[in-house]
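Residue-level structural notes
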Amino acid sequence: MLATRPITSVLTSIGTLTSRPAAFLVLLAYAALWLFLDRASLNWHGAATLFTWAMTLFIQRAEHRDTQAIHAKLDEMLRTNSSASNITRIDDEEPEEIEKHRTRKQQGD
């Protein structure tokens, strides 16, 4: 379990970085360099690769925005509900642990 924490931490960081506007600049720089340095290899397959990469970044950006909005709403609700103070540190847990917590709470209801 401890060996996976650094890996999941790195993957989470990469996911967060790809949701930033700078990721689009990296994509544009990559496309410009490809066009400048090896124009002959930029065929339909290459264009489809760049398009797929761009769509992946758009989806990642939208998902990150939605997640941040949900977190902001939940944070506000937790601030107003004093009995929910024991759950405020769940953001530090791994996704599997969060699912276990949710299952326990649903079975307890």
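Because the structure is a prediction, the values reported are computed rather than measured.

Section: the overall build of the chain
A count of helices and strands for the chain gives four helices and zero strands. For the chain, the succession of helices and strands along the chain, N to C, is α-α-α-α. Per-residue burial over the chain gives 13% buried out of 109 residues. For the chain, the exposed area adds up to about 9000 Å²; of that, 64% sits on carbon and sulfur atoms.

A look at the nonpolar core
In this structure, Ala23, Phe24, Leu27, Trp34, Leu50, Ala54 and Leu57 together form the largest nonpolar core, which totals seven residues. With four residues, helix 2 (residues 21–37) is the largest single contributor of residues to this core. Beyond its immediate chain neighbours, meaning those up to four positions away, phenylalanine 24 contacts Ala54, Leu57 and Phe58.

A look at helix 2
Taking 1.5 Å per residue as the helical rise, helix 2 with its 17 residues ought to reach 24 Å, and the 25 Å between its terminal C-alpha atoms agrees with that figure. Looking only at helix 2, the buried set comprises Ala23, Phe24, Leu27 and Trp34. The buried residues of helix 2 occupy an angular sector of 105 degrees when projected down its axis, which confines them to one face. In helix 2, the exposed residues that point more than 90 degrees away from the buried face are Leu25, Val26, Leu28, Phe36 and Leu37.

Observations regarding the side chain of serine 19
For serine 19, the location among the structural elements is in the loop between helix 1 (4–17) and helix 2. The class for serine 19 is buried, based on a relative accessible area of 0%.

Things to note about the side chain of histidine 64
Structurally, the position occupied by histidine 64 is in helix 3 (residues 44–80). Each residue touching histidine 64, except ones within four places of it in the same chain, is listed here: Thr16, Ser19 and Arg20.

Things to note about helix 3
Counting along an α-helix, one turn takes 3.6 residues, and residues three or four places apart therefore face a common direction. With 37 residues, helix 3 should reach 54 Å at 1.5 Å per residue; the first-to-last C-alpha distance of 54 Å fits that figure. Within helix 3 the residues assigned to the buried category are Gly46, Leu50, Ala54, Leu57 and His64. Its side-chain oxygen 3.1 Å from the backbone nitrogen of histidine 45, asparagine 43 forms the N-cap of helix 3.

Quick notes on the packing of aromatic side chains
Scanning the entire structure with this criterion turns up three aromatic pairs. A centroid spacing of 5.0 Å and a plane angle of 40 degrees characterise the contact between phenylalanine 24 and phenylalanine 58, whose relative ring orientation is tilted. On the criterion of sequence distance, the pair formed by phenylalanine 24 in helix 2 and phenylalanine 58 in helix 3 is long-range, its members being 34 residues apart. Classification of phenylalanine 24 by relative accessible area gives buried; the value is 19%.

A look at the pattern of salt bridges
Side chains that differ in sign of charge can pair as their charged atoms come close. Under the criterion given, the structure shown has one salt bridge. Residue aspartate 66 pairs with arginine 65 through a salt bridge whose shortest N-O separation is 3.5 Å. You can call arginine 65 exposed: its relative accessible area is 54%.

Here is what the cut-offs are and how they apply
Residues numbered from 1 in each chain as written. Predicted model: local features only at pLDDT ≥ 70, side-chain atom pairs only at ≥ 80, totals over all residues. Heavy atoms only, no water. Helix = DSSP H or I, 4+ residues; strand = E, 2+ residues; numbered from the N terminus. Buried < 20%, exposed > 50% of the residue type's maximum accessible area, 1.4 Å probe, protein only. Areas by Shrake-Rupley, 256 points an atom, 1.4 Å probe, with all protein chains shown as cover. Core = buried A, V, L, I, M, F, W, Y, C linked by side-chain atoms within 4.5 Å. Contact = heavy atoms within 4.5 Å. Expected span 1.5 Å × (residues − 1). Arc of directions from axis to C-beta. Polar contact = N/O pair within 3.5 Å; in protein donor to acceptor, adjacent residues only side chain to side chain. Phe/Tyr/Trp six-rings, centres within 6.5 Å; stacked < 30°, edge-to-face > 60°. Salt bridge = Lys/Arg side-chain N within 4 Å of Asp/Glu carboxyl O.

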